[in-house]
Amino acid sequence: MYGFYYFDYTYFLFMIPALIVSLYAQFKVHSTFSKYSKVRNTKGLTGADAATKVLMQHGITNVTVEHIRGELNDHFDPRTDVIRLSDSVYSSESVAAVGVAAHEAGHAVQHANGYSPMKIRKALVPVTNIGSTLSMPFIFIGLMLPVQYDFIVNIGIALFSLAVLFQLITLPVEFDASRRAIETLEQTDALYGEELEGAKKVLSAAAMTYLAATFTAILSLLRLILIAGNRRGND
């Protein structure tokens, strides 16, 4: 038995690489956003203008665009049909702001069109929340009990797998929203040339954070499976 869960070689084998990837992704998104937040688009579009332009291009009239306090906490809320844009995006005329705002509007387009991966992700939210809350308690308790109670550990691993599944489903949702955003910005001549390339770089950097989260979730799951397997092998 491993004793206290967090102190074993599997942490260094799986979680250190995940930490490095996550830190790099965070650095990349902040540095790229910072760079292109200093580049004003030639048409003087604000983030709010860009989001509205994407919505209009796709004939969406029931979604509103609102300002929200904070930094890089922009999101589309499908429950209220509201796009909320942060301080550095809503009224900014930067290339970065236009890219981020168009991405969130891309989510609104997905919602309006019934994009399947988005519907699946929405359906997974309740069970993912339950799994994320209960998985570690089940695993910890199971590891403290004799090996014949391994089914408790397995329940915990199964619950944690829901979080991994959620991360995997999130990837196509985010990539598709960025694709829709860039295509619309290009089709409407909102951005062009180096400005459009800058927006692509901002959204690509943002996508890295989702890839990092998925990578971390997968490595965490593999770690749990290895711990459970080693425990049975050492019995």
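Residues numbered from 1 in each chain as written. Predicted model: local features only at pLDDT ≥ 70, side-chain atom pairs only at ≥ 80, totals over all residues. Heavy atoms only, no water.

A.B. asks: Sorry if this is basic, but what is going on with the nonpolar core here?
C.D. replies: General note: in soluble globular proteins, nonpolar side chains tend to be found buried as a group. Membership of the largest hydrophobic core comes to 37 residues, with the highest contact counts inside it found for L55 and I83. Elements that contribute at least two residues to this core include exactly α1 (9-36), α2 (47-57), β3 (82-85), α4 (95-113), α6 (150-187) and α7 (194-233). Examining the composition of this core, we find that ten residues originate from one element, α4, more than from any other. For L55, the contacting residues outside a window of four places in its chain are I60, V63, V65, I83, A105 and A108. In this structure, I139, L143, L221 and A228 belong to the second largest nonpolar core, which totals eleven residues. (Core = buried A, V, L, I, M, F, W, Y, C linked by side-chain atoms within 4.5 Å. Buried < 20%, exposed > 50% of the residue type's maximum accessible area, 1.4 Å probe, protein only. Helix = DSSP H or I, 4+ residues; strand = E, 2+ residues; numbered from the N terminus. Contact = heavy atoms within 4.5 Å.)

A.B. asks: What should I look at first to understand the confidence of the model for the chain in this one?
C.D. replies: Predicted coordinates in regions of low pLDDT should not be interpreted in detail. With 95% of its residues at a pLDDT of at least 70, the chain reaches an overall mean of 93. Segment residues 1-6 is flagged for pLDDT under 50; beyond a separation of four residues in sequence, or across chains, it makes 19 contacts in the model. (pLDDT = per-residue confidence, 0-100.)

A.B. asks: Explanation requested: the sheet that holds β3 in the structure shown.
C.D. replies: Sheets are built from strands that pair by backbone hydrogen bonding, the pairs being arranged parallel or antiparallel. What the three strands build is an open sheet, ordered β1-β3-β2; its pairing is mixed. Single-partner strands in this sheet number two, and they are β1 (64-67) and β2 (75-77). Adjacent strand axes in the sheet meet at a mean angle of 25 degrees when their direction is disregarded. As defined by bridge partners, β1 adjoins β3 across four bridges and the pair is classed as parallel. Following the sheet pairing, T64 is matched in β3 by V82. Taken strand by strand, α2 contacts β1 and β3, and its axis lies near 155 degrees from that of β3. (Pairing = 2+ DSSP bridges. Axes fitted to C-alpha atoms, helices over the stretch in contact; angles between N-to-C directions.)

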